[in-house]
Each structure stands twice: as C-alpha cells, then as structure tokens.
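Understanding the architecture of this molecule
If you want the building blocks of each chain, they are given just below.
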Amino acid sequence: MIINETKGRVWHGSVYLADTFFRRFRGLMLVRNVNYALVFVLPAETRINASIHMFFMMSDIDVIWLDSSRRIVDFKTARKWRIYAPPKKAAKYVIEGPVGLIKALSVEEGDLINWMPTEEREKAVPVKSLIPGKINLNGSKNSIAMVESVKEAKAKEI
C-alpha cells in the first residue's frame, strides 16, 4: 500500500522493497505485467544514483522520486526501451509501479509519501532431520552424544 499523506490518497496494491544491490539491479526488468510497486532504497541521496533506464522493460511504468524525508522531488510515466535523465533534485527513494499509480495518488512535487511493504513469504526448503530421541544435546557445550530412545530405556528397565 502506498499513501499520499498530503492528499489522503491511497493505492492498495502490493509493495516490495529493493533494498539490496541485487534487488535494485534486477528492478522490474523483464516483468511482463507490472501489477505491484517496487520501492528502491538507494545507498545515498543523489541525482545520479537515482537515474533510471528502461532497457529490458516489457511495459511502461510510473516512477516517483522521493528525497530522504519522503517528499516528492520528481515523477513521470516512463516508456519502455528509453533512457531517462536523473530526477530534478536528489532522491533517496524511487518508486516504480504500474501506469496509473501517479494518477491514483494525485501526486505533485512536495507531497509526502509513505508505504507499507507487502510481507514476503519465505520459501520452504526441505531439510534432513535426525530421528528424535537419538541425540543428547545436554552433554558438553561442543559435543553431541548418541543416547538410547525413551522406548529402549524403558524396555531395559523391565
């Protein structure tokens, strides 16, 4: 969800963060149907770091540049397969989303923007596990000792 706090407008789509080098590098390239927004968290607030390109883009997108206080410094609809100049002023955040995002939020320079990222679910990875009752973790700090299961221990008592 993206919120224009100045105007009280809300866009209820999914929002993901591009807060690592690889996520920023990948961006929305090769995405056929952009139906979510991607918030780029840049390492520094500059004009050059905030410049974008539209190579390898499969569709047009709306782009909003924000400074470190999350105020809009520039915005535009970017067309696929084109080069774009840096924003008018330095930016710390760049929001890329589907065409219509700018209109839905009624953005203007100086508006205060906020967002709530959509929770990303971790992928399940199968892991080999040991049979319960065969390992004693109560031994010394750095070793694991094999022990009998409770069933085997009770059988010996009888």
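Parameters and conventions
Along each chain, residues carry numbers from 1 onward, in the same order as the chain's sequence is written. Where totals are concerned, whole chains, interfaces and linings use all residues; where local detail is concerned, this predicted model gives features only for residues with pLDDT of at least 70, and gives and counts side-chain atom pairs only at 80 or more. Hydrogens and waters are ignored; side-chain quantities use all the structure's heavy atoms. Whether two strands pair depends on DSSP finding at least two bridges between them. The numbering of helices and of strands both runs from the N terminus, where a helix is a DSSP run of H or I of at least 4 residues and a strand a run of E of at least 2. Note on handedness: a clockwise path from strand one over the helix to strand two, with the strands aimed away from the viewer, defines a right-handed crossover. Nonpolar core, defined: a set of buried Ala, Val, Leu, Ile, Met, Phe, Trp, Tyr and Cys residues in which side-chain atoms within 4.5 Å join the residues together. Whether a residue is buried, partly exposed or exposed follows from its accessible area with a 1.4 Å probe, protein chains only, as a fraction of its type maximum: under 20%, in between, or over 50%, in that order. As used in this structure description, the phrase polar contact means that two N or O atoms lie within 3.5 Å; if the pair is within protein, one of them must be able to donate a hydrogen and the other to accept it, and residues adjacent in sequence are counted only when both atoms belong to side chains. Between two residues, a contact is recorded if the distance between any of their heavy atoms is within 4.5 Å. Only the stretch in contact is used when a helix axis is fitted, and all axes are lines through C-alpha atoms; the angle between N-to-C directions ranges over 0 to 180 degrees. Cavity means a closed set of points on a 1 Å grid over the protein atoms alone, one where a 1.4 Å probe fits but cannot get out, pocket means an open set with protein on both sides within 12 Å along at least 5 of 7 lines, and lining means a residue has an atom within 4 Å of a point. Grid points are joined across faces, edges and corners, and a volume is the space filled by probe spheres set on the points. The nonpolar class holds Ala, Val, Leu, Ile, Met, Phe, Trp, Tyr, Cys and Pro. Asp, Glu, Lys and Arg form the charged class, and all remaining residues, Gly among them, are polar.

**Considering the pairing of strand β3 (residues 14-18)**
The pairing of β3 with strand β4 (residues 36-46) spans five bridges and is parallel. Bridging from a neighbouring strand, Ala 18 pairs with Phe 40 of β4. Of the crossover connections in this fold, the one passing from β3 over helix α1 (residues 21-26) to the parallel β4 is right-handed.

**Some points on the environment of Ile 83**
Structurally, Ile 83 can be placed in the loop between β6 (72-78) and β7 (91-98). Residues Ile 83 and Ser 51, 32 residues apart in the sequence, show an inter-C-alpha distance of 9.2 Å.

**With respect to the nonpolar core**
Formed by 20 residues in total, the largest nonpolar core has its most connected members in Ile 52, Met 54, Ile 61, Val 63, Trp 65, Ala 78 and Val 94. Formed by 16 residues, the second largest nonpolar core is a distinct cluster that contains Trp 11, Val 15, Ala 37 and Ile 72.

**Points about the side chain of Asn 4**
The residue Asn 4 is located in strand β1 (residues 2-4) in this model. For Asn 4, the side chain forms a polar contact with the main-chain nitrogen of Thr 6, separated by 3.1 Å. With sequence-adjacent residues up to four places away left out, Asn 4 is seen in contact with Arg 9, Leu 105, Ser 106, Val 107, Asp 111, Leu 112 and Ile 113.

**Some remarks on the sheet that holds β6**
One open sheet accounts for five strands, arranged β3-β4-β7-β5-β6; its pairing is mixed. Bordering the open sheet on either side are β3 and β6, each of which pairs with just one other strand. Going from strand to strand, the sheet's axes swing by 20 degrees on average, the running direction of each strand aside. In the sheet, strand β5 (residues 61-66) pairs with β7 via six bridges, with the strands oriented antiparallel. Along β7, the bridge assignment pairs Ile 64 with Ile 95.

**A few points about the layout of surface pockets**
Of the volumes computed, that of the largest pocket is approximately 470 Å³. Arg 24, Phe 25, Phe 40, Ser 51 and His 53 are the residues nearest the centre of the largest pocket, which is lined by 21 residues in total. Elements with a contribution of two residues or more to the lining of the largest pocket: α1, β4 and β7. Looking at which element gives the most residues to the lining of the largest pocket, the answer is α1, with four residues. Partitioned by chemical class, the residues of the lining of the largest pocket number 14 nonpolar, four polar and three charged.

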